[in-house]
Amino acid sequence: MKTLTISLVLFLALAAQATVVDIIKTDERDNVDWWENGVFYQIYPRSFKDSNNDGTGDIKGITSKLQHLKDLGVTGTWLSPIFDSPMVDGGYDIRNYTKVNSIYGSNDDLVELFAEAKKLDLKIILDFVPNHCSNQHQWFINSANRVPGYEDYFTWRACPVENGKRRLPNNWIAVFNTPMWSYDPRRDECYLHQFTKEQPDINFRMENGKTKQEMLDVLTFWMDQGVNGFRVDAINHMFESPAYTNQVLLEEGLDPNLYGNYDNRYTRDLRESYEFIYSAREHLDKYAKANGNVTRVLMTEAYATIPQQTQWYGVNDTLRGSHIPFNFGFIADITANSKAEDFKKVVDEWMGNMPSFTMGQANWVLGNHDRSRLRSRYGDDRYEGLAIMSMTLPGVAIIYYGEEIGMVDNNDITWEETEDPQACQSNSSVYKDFTRDPVRTPMQWDDSPLGGFCESCKTWLPVSPSFTDINVKKQTGDETSTFALYKNLIALRKEKDVLKFGGLSTKVIADGDVFAFERTIKDNPSIVTLLNLSKDSKTVNLADLFNADDVSSKTKATVLISNNRSELKKGNTFSNINSITIGGYDGVVFEVSSAMRIATSALYLVAAFWVAVKFVF
Ligand code: NOJ
């Protein structure tokens, strides 16, 4: 009886506190895998560091700069392709999947990079490009020449000349705005390519599964060398409808030569592409099981709708897919004019559509080698706020090289200097609408003449003139720099359990100008991030964010981190959370302490004890 009464009283005391939802259940916290909550740093190898003064970055250069990644505190890095390639599309046209491109060094250099990274506890993720290879790959040469066994490695169709014009198999347009079919005289047929004509699409509908096996073998090869995972390129382009039906323009009258003027339903997001990823995942998991039980991760690249995106995660606990299906919401759906509600929508949609099985983790991508840089997209005032937001949301954060020092697009690259095939396939008057070169310029290490990328060389793309002002050396040791902000954010993620495991609730406050979210976890103070999207300062009531039954326990807000333009600084404390003023474009993270909550809990326990003593003993 006594025990029952005490238990009942204690239960009532505990139930009086607010309920919190954890992203990862408390009892599973010991099992959090190395990649979950990780921060991954994308290196574009051609532009990171040139060790031999030939104007192109290389693997030894990357190795020499691993300490920079360590200083930043990231979990690992994913390298854009470093494989043998004629470099028509920056290495996304692979001639040999298991050989390092000689402009970057050798396989031995790469193995040395793996070893050095391991010493620093940094994981290495390689780019994996299964959809297409180079037209100089031996497979394509064999297929074009009908070498037995290789005939169907690619998709070939008749395309006879009729009335002086080649009749293509259908009207499909490639991503870079050319027809999706090109003629090869060796075979007197046309082959399909979703990107440039130098990147023929591999045919994964082969009945004997040969091409799929080739690709799984590539994964095994690199895992044997020590990689920790793969970023899979253009994954939603892997299959085309076998009916070859013509695409229909989104609206009549649109230019039929532009990829974006179709919904491309017959060439993108086909069910079979997901199935490929599920098999790749199975392959990686089997490998991991047999090799030290260390997870090899899959990151996947697909620009798609949210319901499509989240299917990359897998179907259920036994049919899993990508660990990190890149979430491009902040790149594709948000602009410098977006409002707080747009940010909330991006976050809520991703979180709301994530599968419920245990391996799902959210992720937030702010930049990559295909899209304008974060700072150029959002402006000097706002980019740091976005970094703060992405690093305090649940799950994995991705950084594009140079983002951590606030590098900007170099828009002064001339037509003659242009390298990107997407731009080269246009013309000198419109190439700037297509070029991705401005976001791929050499990393800015210091203010020496070539930004420290090389000592004396002709860089493959011009160094951005901003290097004198924006560079690693200048920001190192400067606590008011973007670099310090990133370092502090990553350190904070590691320090606070609530950022690693906590639940999330989002809200728009301050008349629609502030995007706010709270991270909560049992027995920890909450963390609240505020992102002011207006240029004007805003006075906010943090209590608006909390459940009515929880609000009385939140009494004190202390700034943990803020963007450099903010006047609020780490350690500033507010004892009245109902009225906190943040500056225009501020991004601020508060710890909202539960001093009262502890006091209330103590009060409940004392009361419970008193009841127990009075009535039971
Ligand atoms: C996506 C890559 O990110 C992009 O740079 C490349 O051009 C295409 N895939 C084709 O591989």
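Residues numbered from 1 in each chain as written. Predicted model: local features only at pLDDT ≥ 70, side-chain atom pairs only at ≥ 80, totals over all residues. Heavy atoms only, no water.

This part covers helix α16 (residues 482-495). The terminal C-alpha atoms of α16, which comprises 14 residues, lie 20 Å apart, in line with the 20 Å expected from a rise of 1.5 Å per residue. Looking at α16, one finds that the buried residues are T482, F483, A484, L485, Y486, L489, I490, L492 and R493. (Helix = DSSP H or I, 4+ residues; strand = E, 2+ residues; numbered from the N terminus. Expected span 1.5 Å × (residues − 1). Buried < 20%, exposed > 50% of the residue type's maximum accessible area, 1.4 Å probe, protein only.)

What follows deals with the pairing of strand β20 (residues 526-532). In terms of burial, β20 is largely enclosed, as seven of its seven residues are buried. In terms of strand pairing, strand β19 (residues 514-520) meets β20 through six bridges, oriented antiparallel. Bridged to F515 within β20 is L531. The antiparallel hairpin formed by β19 and β20 contains five residues in its connecting segment, where D523 sits at a positive phi of about 60°. (Pairing = 2+ DSSP bridges.)

Judged by how many residues are buried, strand β5 (residues 123-128) sits mostly within the fold: six of six residues are covered. Neither face of β5 is open: one carries K123, I125 and D127, the other I124, L126 and F128, and all of them are buried. Judged from the four bridges that link them, strand β2 (residues 76-79) and β5 form a sheet pairing that is parallel. Residue pairing across strands places W78 opposite I125, the latter belonging to β5.

Where helix α12 (residues 383-392) contacts α16, the two axes come as close as 10 Å, and the packing angle between them is 15°. Between α12 and α16, the angle is such that the two are roughly parallel. Crossing angle aside, the handedness with which α12 passes α16 is right-handed. Between α12, through Y383, E384, A387, I388, S390, M391 and T392, and α16, the contact on the second element is made entirely by T482, L485, Y486, L489, I490 and R493. Split by residue class, the contact of α12 with α16 holds eight nonpolar, three polar and two charged. (Axes fitted to C-alpha atoms, helices over the stretch in contact; angles between N-to-C directions. Parallel < 35°, antiparallel > 145°, perpendicular 65-115°, else oblique. Left-handed = near helix turned anticlockwise from the far one by under 90°. Contact = heavy atoms within 4.5 Å. Nonpolar A, V, L, I, M, F, W, Y, C, P; charged D, E, K, R; others polar.)

Okay, the nonpolar core next. Ranked by internal contacts, the top residues of the largest apolar core, which has 132 residues, are Y41, L126, F230 and F330. When neighbours within four sequence positions are excluded, F230 is seen to be in contact with I125, L126, F128, L219, W222, M223, L284, V297, L298 and M299. Listed in part, the 21 residues of the second largest apolar core include A510, V540, A543 and F546. (Core = buried A, V, L, I, M, F, W, Y, C linked by side-chain atoms within 4.5 Å.)

The immediate surroundings of the ligand are formed by 13 residues, with D89, H132, D233, H369 and D370 found nearest. Contacts to the ligand include R231, whose side-chain N or O atom sits 3.2 Å from an oxygen atom. A distance of 2.8 Å separates an oxygen atom of the ligand from a polar side-chain atom of D233. Notes on the ligand: free accessible area 290 Å², of which the protein chains cover 97%. Partitioned by chemical class, the residues of the shell around the ligand number three nonpolar, three polar and seven charged. (Near = heavy atom within 4 Å. Polar contact = N/O pair within 3.5 Å; in protein donor to acceptor, adjacent residues only side chain to side chain. Areas by Shrake-Rupley, 256 points an atom, 1.4 Å probe, with all protein chains shown as cover.)

If you walk across this open sheet you meet the three strands as β6-β10-β9, and the pairing is antiparallel. Either end of the sheet is taken by a strand with one partner, and the two such strands are β6 (156-157) and β9 (181-184). Bridge analysis of β9 against strand β10 (residues 189-192) gives four bridges, and the strand direction is antiparallel. The residue of β10 that forms the bridge with Y183 is C190.

Moving on, we get to the sheet that holds strand β16 (residues 363-365). The strand order across the open sheet formed by eight strands is β15-β12-β11-β5-β2-β1-β17-β16, and the pairing between neighbours is parallel. Every other strand in the sheet has two partners, leaving β15 (324-325) and β16 as the edge strands with one partner each. Contacts from helix α6 (residues 210-225) reach β5 and β11 (229-232) within the one sheet, and its direction differs from that of β5 by about 155°. Along the sheet, helix α10 (residues 340-353) contacts β15 and β16; its crossing angle with β16, the most-contacted strand, is approximately 140°.

In this structure, I277 sits in helix α7 (residues 271-290). A sequence separation of 37 residues divides I277 from G314, and the C-alpha atoms of the two residues are 8.5 Å apart. Ignoring any residue separated from it by four or fewer positions in sequence, one finds I277 in contact with V232, I235, L298, T300, W312, G321 and S322.

Here we come to the state of the cysteines. For the structure shown, the criterion picks out two disulfides. A sulfur-sulfur separation of 2.1 Å characterises the disulfide bridge that pairs C159 with C190. Taking the sign of the torsion about the S-S bond as the criterion, the disulfide between C159 and C190, at about 90°, is right-handed. Residue C159 is found in the loop between β6 and β7 (161-162), and its partner C190 is found in strand β10; the two are separated by 31 residues along the sequence. (Disulfide = S-S within 2.5 Å.)

This model, assessed by the stated rule, comprises 33 aromatic pairs. By way of ring pairs, the aromatic residues Y41, F48, Y400, Y401 and W445 are connected into one cluster. Geometry around W460 places R46 over its ring, the cationic atom sitting 3.8 Å from the centre. (Phe/Tyr/Trp six-rings, centres within 6.5 Å; stacked < 30°, edge-to-face > 60°. Lys NZ or Arg CZ within 6 Å of the ring centre and 35° of its normal.)

This part is about the side chain of D420. Considering the arrangement of structural elements, one finds D420 in the loop between β17 (396-400) and α13 (421-424). Among the polar contacts listed, one links the side chain of D420 to the backbone nitrogen of Q422, at a separation of 3.1 Å. If near-sequence neighbours (up to four positions away) are discounted, D420 is found in contact with F434, T435, R436, D437 and R440.

Evaluation of the coordinates by the stated rule reveals 36 salt bridges. Ionic pairing is found between E189 and R187, a salt bridge with its closest N-O pair at 2.8 Å. R187 matches E189 in its accessibility class, with the two residues each being buried. Two residues, E518 and K554, come together in a salt bridge whose shortest N-O distance is 3.0 Å. With E518 in strand β19 and K554 in the loop between α18 (548-551) and β22 (556-562), this residue pair connects regions lying 36 residues apart in the sequence. (Salt bridge = Lys/Arg side-chain N within 4 Å of Asp/Glu carboxyl O.)

Tracing the backbone shows V315 in strand β13 (residues 314-316). Along the backbone, V315 and Y274 are 41 residues apart, and their C-alpha atoms lie at a distance of 9.7 Å.

Where α6 meets α7, the closest approach of the two axes is 11 Å, and the angle between their N-to-C directions is 35°. Where α6 crosses over α7, the handedness of that crossing is right-handed. Of the residues in α7, those in contact with K212, M215, L216, L219, T220, M223 and D224 of α6 are F276, S279, A280, H283, L284 and Y287. Of the residues contributing to the contact of α6 with α7, the split by class is eight nonpolar, three polar and two charged.

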